[in-house]
Amino acid sequence: MSRLKKYWQGKNIVITGASSGLGKSLCEALVPYGVHFALLSRRESKLQELADQFKDSDCKFWIRACDVSNQQQIQQCIYDFAGHVGKIDVVWINSGVSHDSSMDNWNWEKVETMIDTNLKGAIYTAKAALDVMGEQGCGAIVGIGSASSMRGLPRRSIYSVTKIGVEYFLEGMAVDFPQLQFTTIHPGYVDTPINNKSPNRLWLIHCDKAAQLMIKAVAKRKHVYIYPWQMRLFYKFVRHLPHFLYYKLAERMKNYSRPPKEQQN
Ligand SMILES: NC(=O)c1ccc[n+]([C@@H]2O[C@H](COP(=O)([O-])OP(=O)(O)OC[C@H]3O[C@@H](n4cnc5c(N)ncnc54)[C@H](OP(=O)(O)O)[C@@H]3O)[C@@H](O)[C@H]2O)c1
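This structure is a prediction, so every number in the text was calculated from the model and none was measured.

What counts, and where the lines are drawn
Residues numbered from 1 in each chain as written. Predicted model: local features only at pLDDT ≥ 70, side-chain atom pairs only at ≥ 80, totals over all residues. Heavy atoms only, no water. Helix = DSSP H or I, 4+ residues; strand = E, 2+ residues; numbered from the N terminus. Rg over C-alpha atoms; globule rule 2.2 N^0.38 Å. Buried < 20%, exposed > 50% of the residue type's maximum accessible area, 1.4 Å probe, protein only. Contact = heavy atoms within 4.5 Å. Areas by Shrake-Rupley, 256 points an atom, 1.4 Å probe, with all protein chains shown as cover. Lys, Arg positive; Asp, Glu negative; His and termini not counted. Charge placed at Lys NZ, Arg CZ, Asp CG, Glu CD. Near = heavy atom within 4 Å. Polar contact = N/O pair within 3.5 Å; in protein donor to acceptor, adjacent residues only side chain to side chain. Nonpolar A, V, L, I, M, F, W, Y, C, P; charged D, E, K, R; others polar. Core = buried A, V, L, I, M, F, W, Y, C linked by side-chain atoms within 4.5 Å.

(A) Summary view of the overall build of the chain. Summing up its helical and strand segments, the chain has nine helices and seven strands in all. Against the globule reference of 18 Å for 265 residues, the chain gives a C-alpha radius of gyration of 18 Å, in line with a compact fold. Considered along the principal axes of its C-alpha atoms, the chain spans approximately 50 × 35 × 30 Å. A total of 265 residues make up the chain; the buried ones form 51% of that total. Considering only intrachain contacts with a sequence separation of at least 6, the fraction spanning at least 24 residues in the chain is 70%. Just so you have it, the chain exposes about 12900 Å², and 52% of that area is on carbon and sulfur atoms. For the chain, the distance from the average position of its 34 positive side-chain charges to the average position of its 23 negative side-chain charges is 8 Å.

Given below as structure tokens:
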């Protein structure tokens, strides 16, 4: 039996942000393994469309509208799914939003939405998962960070903060819960609606390819996984630059990644 089949076959898996992009592709990539899915996001109709697409498969679909920035809502969804299936094997924390946060384009509502969704939402989701998995004594929590967490990025510093926060939170929890698996994934550019206004999407990859890379990394029980490989090398290189060199590089990155004025969000 392949490593992927051995790891994923018949698992009970929660995916947040399954209505679009990476979350949707993840679900599609896991369908061959006869998974029981809990698909969560705010747009329930999109989740239903995804489930309908695979109604003749061996998979089961449990669908709930859920805003991850609402602590009680995400906690209730995870507790309900655990009650429904008896045991949760994997909680995949994927919901996220990204906005420009440069000073000349500062918008408090967007800043707070990023923090509430990407960071607080990830912590709310992980905490509910830990309540369930701590009792079970097993399970895996996967958090989607971003390659933007490599340093504080110009125009994206709030997004960078929220994404490195996911890694650090899961890393801390890994010490407290050695019986559980914790994997943080930092994707580079993947072709999804979140970044389709960005110019110069370096080493862009397709969603389906991204999903395959991620399910393999989780099956290998990686602690942190950065993809694609070019971004992994770049991420590690930038992370280790001394500040004065990083600031020089970041100044160039700032101009390289600036969208046309009318597309700035
Ligand atoms: N694509 C990339 O290049 C890239 C790179 C690095 C990291 N990421 C990360 O990958 C994750 C998925 O993003 P994506 O690229 O697939 O973008 P996407 O297509 O825009 O999907 C974002 C997902 O997050 C969900 N979401 C947003 N706010 C939510 C909330 N308050 N509660 C529940 N769900 C919420 C959305 O569902 P609803 O609108 O239905 O709620 C949607 O399903 C994000 O965490 C993103 O930061 C993406």
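Continuing now.
(B) Spatial organisation of the site of the ligand. Around the ligand lies a shell of 30 residues, among which S20, L22, R42, Y159 and T192 are the nearest. Here a nitrogen atom of the ligand and a backbone polar atom of V68 are 2.9 Å apart. Between the ligand and the protein, one listed contact pairs an oxygen atom with a backbone N or O atom of G96 at 3.3 Å. When contributions to the shell around the ligand are tallied by element, the ones reaching two or more residues are α2 (21-30) and α6 (157-176). Classifying every residue of the shell around the ligand gives 12 nonpolar, 14 polar and four charged.

(C) Quick look at the side chain of S160. Relative to the helices and strands, S160 resides in helix α6. In this structure S160 comes out as buried when scored by relative accessible area, which is 4%. At a separation of 3.2 Å, a polar atom in the side chain of S160 contacts the main-chain amide nitrogen of L153. Non-local contacts of S160, meaning those with residues more than four positions away in its chain, are made with S148, S149, R151, G152 and L153.

(D) Geometry of the nonpolar core. Residues W8, W92 and Y227 are the most contacted members of the largest nonpolar core, which totals 41 residues. Top contributing element to this core by residue count: helix α7 (residues 207-219), with nine residues. In contact with Y227, other than residues within four places in its own chain, are L22, I185, H186, P187, G188, V190, I205, A210, L213, M214 and R232. One finds V91, A128, I141 and L170 within the second-largest nonpolar core, a separate group that totals 28 residues.

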